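Examination of the molecular architecture
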Amino acid sequence: MARAYRRSIRAAGFTLVELLVAITILAVIVAIAVPSYSKYRDRALVAQAVTDVAGMNIALRHYITDNHAPPASLAAVGSAGKLDPWGNPYVYVDLATAGVGGARKNKNLVPINSDFDLYSKGKDGASAPPLTAAKSRDDVILADDGAFIGLASDYE
């Protein structure tokens, strides 16, 4: 009787091969899931930045309507120090004071806005005035005076 009991205990455990197969299956699932989750998270952060830029654009347009000129900074519309989803401050440039030289530019080096630029420096936290620069491709921009809000890489 004691002998039969010992056999049933040994038969109830997992073999090394079974454990290795289970670990391999889990590793494959994780290898597939992690990149998908990372892409989903990046899209969600971009969507949040687009929403933030759109909200600030509306506030800035109201300010311009009331005062007939863009504000000197985002503080005038209550957005001073507002951070993008990656922890960097949003960039606002009043083109009336900065001039064309301080404006963001499209592939033809033409300014993308006429009164102000508003953008997030994106995931890498770096940017350059021309949108074709490698470090500007992940920026979330406001272009065509608010007609386009999205990734600089999607702007034509």
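Everything that follows concerns the structure shown earlier in this document.
Let me begin by describing the structure that accompanies this report. (Residues numbered from 1 in each chain as written. Predicted model: local features only at pLDDT ≥ 70, side-chain atom pairs only at ≥ 80, totals over all residues. Heavy atoms only, no water.)

Next up on the list: the pattern of salt bridges. Tallied over the full model, the rule gives 3 salt bridges. Its salt-bridge partner being aspartate 115, residue arginine 61 comes within 2.7 Å of it at the nearest N-O pair. Of this pair, arginine 61 sits in helix α2 (residues 16-67) while aspartate 115 is found in the loop between α3 (95-98) and β2 (116-120), placing the two residues 54 residues apart along the sequence. Its relative accessible area of 24% is what places arginine 61 among the partly exposed residues. (Salt bridge = Lys/Arg side-chain N within 4 Å of Asp/Glu carboxyl O. Helix = DSSP H or I, 4+ residues; strand = E, 2+ residues; numbered from the N terminus. Buried < 20%, exposed > 50% of the residue type's maximum accessible area, 1.4 Å probe, protein only.)

Let us look at the packing of aromatic side chains. Aromatic ring pairs are reported here in terms of the distance separating the ring centres and the angle at which the planes meet. With the rule as written, the count across this model stands at 3 aromatic pairs. With a centroid separation of 6.4 Å and 40 degrees between ring planes, the pair formed by tyrosine 37 and tyrosine 40 is classed as tilted. Of the two residues, tyrosine 37 and tyrosine 40 are both situated in helix α2; the distance of 3 residues between them amounts to about one turn of the helix. Ring centres of phenylalanine 148 and tyrosine 155 lie 5.1 Å apart, and the angle between their planes is 55 degrees; this geometry places the pair in the tilted category. One residue, arginine 104, lies across the ring of tyrosine 119, its end atom 4.1 Å from the ring centre. (Phe/Tyr/Trp six-rings, centres within 6.5 Å; stacked < 30°, edge-to-face > 60°. Lys NZ or Arg CZ within 6 Å of the ring centre and 35° of its normal.)

For the rest of this paragraph, the subject is the side chain of serine 127. Mapped onto the elements, serine 127 comes out in the loop between β2 and β3 (140-143). The contacts of serine 127, once residues within four sequence positions are left out, are Arg104, Tyr119, Lys121, Lys135, Ser136 and Asp139. (Contact = heavy atoms within 4.5 Å.)

It is worth spelling out the sheet that holds strand β4 (residues 148-151) at this point. The 4 strands are arranged β1-β2-β3-β4 in an open sheet whose pairing can be described as antiparallel. The two strands at the open ends of the sheet, each matched to only one other strand, are β1 (91-94) and β4. Neighbour to neighbour, the strand axes of the sheet diverge by 15 degrees on average, direction disregarded. Alignment of β2 against β3, held across 2 bridges, turns out to be antiparallel. If you follow serine 120 over to β3, its bridge partner there is valine 140. Each of β1, β2, β3 and β4 is contacted by α2, which is oriented at about 160 degrees to β2, the strand it contacts most. (Pairing = 2+ DSSP bridges. Axes fitted to C-alpha atoms, helices over the stretch in contact; angles between N-to-C directions.)

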